[in-house]
Structure formats: C-alpha cells, structure tokens
Amino acid sequence: MSFKIASSPHQHNQRSTAHIMRLVALACLPGIAVQAVLFGYGVLIQLVLAIVTAWLSEALILKLRGKPVLSRLKDNSALLTAVLLAIAIPPYAPWWIIVIGTAFAIIMVKQLYGGLGNNLFNPAMAAYVLLLVSFPLQMTQWLPPLSLQSVDLTPLDAVCSIFTHYSCSGFSLPQLQANIDGITMATPLDTLRTDLSRGLTLDESLSRPVFFAFAGTGWLWLNLAYLAGGLLLIQQKIISWRIPLAVIASLFVLSAIATLAAPDTIAGPLFHLFSGGTMLAAFFIATDPVSASTTNKGRLVYGALIGLLVFLIRNFGGYPDAYAFAVLLANMAVPLIDYYTRPRTYGHRPRSELK
Amino acid sequence: MPGLFQQIQAGKLWDFHGGIHPPGRKEQTNQKPIAVLPIPDRLYLPLRQHIGVAGQLLVKVGDRVLKGQQLTGADNSMAVPVHAPTSGTVLSITPHTSPHPSALPELTLVLEPDGLDEWRQREPLNFLTCDNLTLLSRIQDSGIAGMGGAGFPTHIKAGLTQPVDYLIINAVECEPYISADDLLMQEAATTIVKGIDILCRLLNPKAVLIGIEDDKPIAAAAMMAACSQREHYYVRVVPTKYPSGGEKQLIQLLTNKEVPNGRRPADIGIVMQNVGTAFAIAQAVLDDHPLLSRIVTVAGDTLNQPQNVLALLGTPVSALLDACGFQSQPQQRVIMGGPMMGFTLPDLSVPVVKTTNCVLAPTAQELPAASTEMDCIRCSACADACPASLLPQQLLWYSKAKDSDKLNEYNLADCIECGACAYVCPSEIPLVQYYRVAKADIREQQREALKAEQAKARFEARNARLEQEKQERQQRNQQLAAARQQQQLASGANTAVADALARIKAKQAQTAPADERNKEQILAERELKKQQARDYQQQKAQQQQAHQATEPHSGQPEQTAATVNTDSKAAAVAAAIARAQAKKAAQATEQHTTEQQVMPTPDTGKGNEAVVSAEADPRKAAIAAAIARAKAKQQTQTENETSAPPAAAGTVDKPTAESNSAAPEDPRKAAVAAALARAKAKKQASAEATEQTAPLATEAVIADKVVADAVVTEDPRKAAIAAAIARAKARKQADSENS
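Residues numbered from 1 in each chain as written. Chains lettered and ligands numbered in written order. Predicted model: local features only at pLDDT ≥ 70, side-chain atom pairs only at ≥ 80, totals over all residues. Heavy atoms only, no water.

Observations regarding the overall build of chain B
- When its secondary structure is counted, chain B shows 25 helices and 14 strands.
- In chain B, buried positions account for 47% of the 739 residues.
- Summarising the internal contacts of chain B: among those between residues at least 6 apart in sequence, 75% fall at separations of at least 24.
- Accessible area for chain B stands at about 35500 Å²; split by element, carbon and sulfur atoms hold 54% of it. (Helix = DSSP H or I, 4+ residues; strand = E, 2+ residues; numbered from the N terminus. Buried < 20%, exposed > 50% of the residue type's maximum accessible area, 1.4 Å probe, protein only. Contact = heavy atoms within 4.5 Å. Areas by Shrake-Rupley, 256 points an atom, 1.4 Å probe, with all protein chains shown as cover.)

Shown next as structure tokens:
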C-alpha cells in the first residue's frame, strides 16, 4: 500500500489568489453603486464591456502562450483589472475606449510581461494613461452629477450614448455636459484648474455649483464610498494599511503646507483627499500587489511617493488629476525601493551597521 | 528601566516577527490519557536516531538482549547509543525505510520481542552526590537526544562549559494536532521538574524559563504546581502562535534576545531543552531507565480513537495507527510529525524513533492536498508571516533562477523551514520545497567548490613537489659533479697541469725571496754566521799555522786534488778527500749544523702533520710522497753540493766551485760520490740525516700545498704550515747562500 507523498506544510489557509482578487473587486461595489446613482448608469455598461474584453483577451493570450486558460481566468485578476479601469474612465465614454484600454491592459501590460505577477506596471493605470494620451477629448468628458444635469438620463440613454455617442433622445455628450444654464461643466478638479488659470481665487471657484461642502458635488460621496471599501479590505487583511496611509498622509501634509503658503491658489488637504480618484487610487490601485513595493518600509516610501507626485501634478502639472501617472512613476521606482528597504533578518545586524 | 532579568522575573513577554495561527485541532487528543501500546511483533531500531553519528554495533544477529541493554556504543561524543526497548532476540541488522523525509533505507536492527520484558541490571544514581561527569555520561549512555524534533545529543548541550544565564524548557508545542508534551506535563510534571533539577545542577543557570502555549492550561497549571518549591523556575504561558516553539522564536519571546547569525544560543547564555528531554533525563539518572519509549500523538480524522500513546522506540507506525482504529482513505497521507513541518511516509513500516512526536493520518477534507501552484502575485503575505523576517517572495524568485549569490544575500540560510510562508501563500506555492531544493543545490555547489579547491590544492602541491624534486635532483647532481671534480683534482689522477703547477710551486718556494718580516732576523742570523765563519777562519788560520809547522804538506794534497778535479770523475773523490781531511773541522761543522738543526726540527714536526693529513688520501699521499722523493733526490743532490762544501768552505773554495759546475754533468755519479762521502764522514752523517729529512717532509708538504692551492685550500692551518716551511726553506737557502 502506498501513500501520497507531499512536502510540508501539509496545511494551508483557505485564502487563494482568486479569493483575494474577488474580495478586492467586491470592495469596489460601494463606490460603483454611488457612481451609478449619482453619475448615471454608464459605469455599469463600462464594467460589462471591460470584463468581457478582459476575459476574452486573457483567454486569447493564454491560449497563444499554451497555458491552461480556465484556471487562470478563475484567478479573477483580469476581472479586477477590468473593474478598476471601468470605474476610472468617464462613464459615458465611447465603447471602444474601454475596449481598447482593457485589451491593452491585459495583453500588452500584463501578459506580454509574463502574465500575472510579472508585470512591472499596474495594467489598469497603464491603460488609463494610454487612453488619456491618445484620446484626451473622450477621456475628459465627465458628466456632472445627475442632480446638476439638465437632461435626465435613463439606463437606456447610457447604452445609447456609449455605443452611438448620442443619447436615445439625441443629445450629444457635450450637450449633456452642459448644465441647466447651458454652461459646460467638468469635474471639480478640472473646473478649479480652469478657474485658477483664469485668475479666479480659490474661494471664487469653490462657490460654483459643481462644488459641494469641501469637495465636489457627488465626488465627495464617491470618495467616501471607496474609503469604506478600502477600510474593509484592510480589516480583512487583504491589503496592508501602509500604502493607503502613506498616499493619504503625504498628500494631506503637502497640500496642508502648500495651502498655508498659498491659500488663494492651492486647495486644502480635504479638497485633495476627497476629489478626483484619491480614495480609489489609495486603496485599490496603489495597493495592487504585483506592481507595488513588497516590503513594509518600502510600502510607506512607495505610497508617499505617489502622494507627492499627485500633489505636484495636480497643482503644477498639465493634468487635472494624476493618479495614473503617479502610480506608473512609482511602479518604476519599486525595484529600487524594495532593494533598499529589505527588512533586517532575524539574528543579523541592521544593514546600516554592516556598511 | 528595569534590567532584562527583572523584566523576565516580572513575567514580561515579547513577540517575534510574523507567525501564523493555523487551527490547533489539539482537542482531538489532549483530553485523553496516554495509552500504553502492547509490545509489537517486531521492533525496527535504526542505529542512528539523532543528529550525529551512529555508535558501534555491540550485538550480533541471534543475540538475546535484555530490556535496556545497549545495542550500540557511545564511542564518541556525537554518538548516542540505542537500547533494546524490551528483551528479545536480534533477528537481523539490515537497511530499512528510515523515518526521514527522504525515506532512504538506513541500517536498522530488527528485534523480535520475547514478551518477557526482562530488564538488565539497573543502577539508579543520586544526582545530588555524583559529579557532573558521571551525570553527563549517564545521559549519553542512556541514549538521550533532543526530543523536540531535531535530535541533538543532549549530553553536549547539558555539558556546556560556557556560563548559562537562562535554561529554557520548551513546552510550547506550537504545531497543530500535537499534544504529546501537553499530556506528558499533565501526567508527569514532578518527574519533569526533577529532570530540570538535574539540568540546573549541570548548567547552573540564573533562571529556568518554562514556555507553554496558552492552549494547554492543564499542563501549565501542573507545571506551576510542580515548580512551586523552586524559586528561580518561571512557568511562562505564551500566546498561541506558530512557530513559537522554534528555538530562536521562543528565545525572542521569553528573553527578547536574538541568537546572532551563525551563532548558537549558548553564545548568548541560553540553553534550550525540550520538556520531553527533561523527563528522559530524570528517568535515566534517577531510575537508570534509558530512552526506550516515547509519547506519540496519533491523530487525524481517519482514526476512530485519536490519542497519545506511549510507544516503544522501533514500533512501526502501522502498529500505532491500528491501535487507534485507522481507516485508510484513497489518496491517504500519513504524516510523521505535525502538519507544518512533518513529512509524509511512503509506507507504514517506518518505526517510531526518539524524535517522533506525532503520527498524523488526516482525511482529504481535513488537510486538503495542495492544489496547483499559481503565479506569485507578490502580495508578500509570506514576508508578513516569516518569523525570520525574510522576504520569501524574493527568495522564491531567486530559487527559481538558481541565483545562489542573491539567495545568500537574502539570507536563505536563515530560513528555518517552518512553513508559515507556504501556509499563507494565496497562490499555494510550495515555498519551503523550493527553499529546500535551493539549499540542497547551494550545499552541493559548496561541496563541489570545496572539492575543486582541494583538487586544485592537490594539483598545485603535486606540481610544487615535482618542481622541488627536480631542483633537488639538479642540486645533487651539481654537488656530485663538483665533488667528482674536486676528487679528481685532489686525488690528482694526476693531471699533467697539476704536476706542472706543483713543480712550479716547489721551484718558486725554493727560489722565493725571504719574507719581508723575516728579513731583519735573517740579516741578524747572517751576521751571526758571518761572525762565526770569521771566528772559524781565524781559528783555522791559527791551526794551519800550527800544522804548517808540523806537516808542511798538509795543503799539498788539496792542491793536487784541486788540479785533479778538472776531471769530473775525480771531483767526488776530491770532495771526499777534502771532507776526510777536514775531519778536524767537524767540530765547527757540528756547531754549524746544530744551529741549522734548531730551526728545521719544528718544521719537521709540522711537516709530519702535513704528511699525516695528506695521508687521509693514501693515494694522494703516495703520489705526493713519490713527487717529494723525486724532489728530495734532486734536492739532496743540490744539498750535497751545497752542504758538503761548508766543511771545506773556508779552505777549498776552488774545488767546491769546481764540483758545483761538475756535479750537474753526472748527477748519478755525484750522488754515489756523496753517499761515499757520507759513509766516510760518519760524524757528519747525523747532521746530514737531519738535513735530509727536513727537506723531504717539506717537499711533501709543498707538493700537497700545490694541490691544495689548485683546489682552493680552506685550511688556514695548512697555509700557516706552508708559510713556516717557506720560511725554513728561505732560511736554509740563506744559509746555503751564506755558506
């Protein structure tokens, strides 16, 4: 009688990669729900498009690479990439935007680098940058929150406008962007940027209807929803608290100092934290394990670097929001960060003493 | 800030990095008493059950052995003997599947128990009265090796001479399922404490720390009660976390100290012993009960009755499982050890050994088999779990790349293979397996490198040796050649050149002018001799005057002789006549010769010495003597020519001159004449003899010296002698010139 031979340990906890990826995707649900309710249902259509594209591209490449397809599709990593890209782009962007973006993310950024675990860059963010650089118009056509829109949009309108560029009732996206007064509205960050460049003070700009409380109308809730999802992930020990904390803290500290130095031109820390994609990026994008730093100290450095880059680009750069660029730049720094932040091994002297 | 000891006394606990919390599942077994297994049909006793070397086999096939009888010797410090767990007969000694992850066959003694369980003679010790050496040898002879899993010989750890601050008793038992130590403490706490007493006697620590995980409240209470009389024994209940029972981790937990890289706990004043080891020590010392059995947790859902059993060493695993109602499943795994660090068994004939703490037969639901390995997503859950603060995901990367430099840089060697990383890995990568392979590769590489280095060293040593031998050979050849040359020159297998040289030297020595420093002396002597000669002539003149008065013809014959001497033949006769007639002058001649004799005599002695030294080489001496003789003959002739006349020097100047010119014409005749003259001139003979001996010896020396000069003399004495001889010669010559 022979027995099964296996290497120790023979026991394993039941948390698999698929489980982790699924949990992260699920933690996005509050944010997705808020976006759907406050900004229209376009995001749901984008999600469907993205996920289908991701699975198809992944399957295609896995097939070409001669790898088992089904087991790898089940790891949910393609799903998560698709979700993150879908919720990052404007909800009413044309269908081919998300298709190109997702296909690029999966095929070029992930699989061509060797598949899961081997990509240098965050696939969703690399794709986002590709889209932003290639299709700047489509990628900046954010509709204002439904409450500020002049035309009520039904879910069917979302489908129509994504696939045909016009809503079912025939409005084009620029028309939909205009508010009741006929003034085109962009995201709060965009608006603030435009206003400041026109010589308005911060206070004058913040009095516009697109802003609410200390952040943008709708955007505050969206960020709060992602914050909640992120806190859930930390509580579940899916992600480490270090990267989100470092991102938020560095952005907070830098903008606090800057706003004290230049109160009329630089928005305060709360505005920065709850505008644009801060919470989404801090909890869901920067924490992508594959492309982020892996050491505890390194994670703090990595997060702080993202916060710094976002602060710089938002306030002094050419783009209203900057998480995609910041994350990609920090991704490049990861090998270096990891190398210099190795932990001290038990029984070994600290590295500083060795030199 | 209180000191470390105060903090420890106050019950402070620290923490170590990482660790995991797998389900303990100890409740299967930790509530039931220890069952005693019946003696099985066969006992399989591997000869080596510890880290170290096997002792020499003391029994042979067919021997009957008694319970507790030593089967292997404790013949060196790393050997721990194996004993017969019960009385019976040695059936065979053959290779048998070993209780090791490799399952490679190892030499195993198969014992057939006779069921009598008959003990050998036992000699309990009183540990308070016997010395440490006796205790240590008892511990070694009782076959005690660390029972926590590593199996390090206990007597080595207990016999440390380094000062020990803390003796830590490891009763953590952090692996899931295992409750063997738990039950041991529950049932035998007092014996364990006696074992600790013995260890304290040997090591003399400042404090004893007994670490027990908080999932063993009964055991902890039992130990506390047993230790209540001991002041410096501290029972420390530590939180359940795997791997708290690792040596380094427990040290950090209880003392906040880290064992420095590459060192042992003893280097920081800490010794750790397993609680089961302490029990075995107490049994060995107090009862002379060697290590014959151990408690094994038999657990898993495939068993009807999972429980702890007291099993004789050598009991096959099948007997344990059968006793607990084993129901095998398809794809069954049977694990020896815990689920984290144990190894699967290929078959159930593997025996229980000293380090076996658990036999696990889980169902597939209980411990699901590993599913397919996925890609690492660099989540670094492994790094968070690693108790050694390593970066397992980096190590995996470099293990796959077989980059041993990077693996060393990331301290792969510090991996304790606890399995925490693989336990948490969401991609189910068998990380520990990768590390084991990488470690084995590195060991292999190091072995290869060492081998290559040794081979290189051997090769270089060989080359050096050959080179040296060559050098030596060349040197020897050169020396031999030189010696041969020297010998050739010395023995003068006589080259014409050497001969010629010798002749030239001799001639030079004869004609050489007197030494500068002897000049005055010589002049003085010459003056003296002139004075003597004048005196003599005066005297002679007076005598002649008297003669002329009595013998008017006395001068006549001389005159005639002088005329006859024109004929060379007659020259010698004339000389002889002259000498005969100059008998009266003998007195004066004697005086003259005595003076001459004074100087040559010491020379003769020295000359003899030189002859003696020359005799070292008889051939050389013989040749030299021959030369000397030849020379001496020549010399004699000249001597005769010069020394004979002095008798008539004053009176017959003319004939002397005549004979001087005539003698060379026929030297032979001259010699005969001289001999005749000598015979006739009896009184003069003695003087002549001395005169002859000296030159002979001198010539020998000169001949020798010439040879020596040619070979480069290194004997200053010889040189001195030669100088003396030269001086004597010069003097003689001066004399002859003078006369």
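Here the narrative resumes.
A closer look at unusual backbone geometry
- With an omega of -5°, the peptide bond between Ser8(A) and Pro9(A) qualifies as cis.
- As for its position among the elements, Pro9(A) is in the segment before helix H1 (17-27).
- The amide bond that connects Tyr242(B) to the next residue, Pro243(B), takes the cis arrangement and shows omega of 0°.
- If you trace the backbone, Pro243(B) turns up in the loop between strand E8 (233-238) and helix H6 (247-255).
- Backbone geometry places Arg25(B), a non-glycine residue, at a positive phi of 50°.

Observations regarding the sheet that holds strand E5 (residues 105-113) of chain B
All names here are of chain B.
- Read across the open sheet, the four strands follow the order E2-E5-E4-E3; overall the sheet is antiparallel. Because the sheet does not close on itself, it has two edges, and the strands there are strand E2 (43-46) and strand E3 (64-65).
- As paired elements, E2 and E5 share four bridges and run antiparallel to each other. Residue pairing across strands places Leu43 opposite Leu111, the latter belonging to E5. (Pairing = 2+ DSSP bridges.)

Observations regarding the pattern of salt bridges
- Evaluated as defined, the whole model comprises 25 salt bridges over all chains.
- Across the pair Lys110(A) and Glu58(A) runs a salt bridge, and its minimum N-O distance is 3.1 Å. Note that Lys110(A) is positioned in helix H6 (residues 95-110) and Glu58(A) in helix H3 (residues 42-65), a separation of 52 residues in sequence. Glu58(A) shares its class with Lys110(A); the two are buried.
- Ionic pairing is found between Arg263(B) and Asp267(B), a salt bridge with its closest N-O pair at 3.3 Å.
- Taken together, the salt bridges that share partners define one network made up of Arg342(A), Lys406(B) and Glu409(B). (Salt bridge = Lys/Arg side-chain N within 4 Å of Asp/Glu carboxyl O.)

Examining the pairing of strand E11 (residues 307-312) of chain B
Residue and element names in this part refer to chain B.
- Within E11, five of the six residues are buried, leaving the element largely enclosed by the surrounding structure.
- The sheet contact formed by strand E1 (residues 35-36) and E11 spans two bridges and is parallel. Its bridge partner being in E11, Ala35 is matched across the sheet by Val309.
- Bridge count between strand E10 (residues 293-299) and E11: six bridges; the pairing is antiparallel. Across the sheet, residue Ile295 finds its bridge partner in E11, namely Leu310.

Some points on the packing of H3(A) against helix H5 (residues 77-88) of chain A
Residues and elements named next belong to chain A.
- Closest axis-to-axis distance for the H3/H5 pair is 8 Å, and the angle between their directions is 145°. Judged by the sense of rotation from one axis to the other, the crossing of H3 with H5 is right-handed. Each of Val43, Gln46, Leu47, Ala50, Ile51, Ala54, Trp55 and Glu58 in H3 lies in contact with H5, whose residues at this interface are Ser77, Ala78, Leu79, Ala82, Val83, Ala86 and Ile87.
- When grouped by side-chain class, the residues that make up the contact of H3 with H5 number twelve nonpolar, two polar and one charged. (Axes fitted to C-alpha atoms, helices over the stretch in contact; angles between N-to-C directions. Left-handed = near helix turned anticlockwise from the far one by under 90°. Nonpolar A, V, L, I, M, F, W, Y, C, P; charged D, E, K, R; others polar.)

Some points on H6(B)
Residues and elements named next belong to chain B.
- Within H6, seven of the nine residues are buried, which leaves the element mostly enclosed by the surrounding structure.
- Regarding H6, the residues found buried are Gln249, Leu250, Ile251, Gln252, Leu253, Leu254 and Thr255.
- Packing partners of the buried residues in H6 comprise helix H1 (4-9), strand E6 (166-171), strand E7 (207-213), E8 and strand E9 (270-274).
- A positive phi of about 60° marks Asn256, the residue just after H6.

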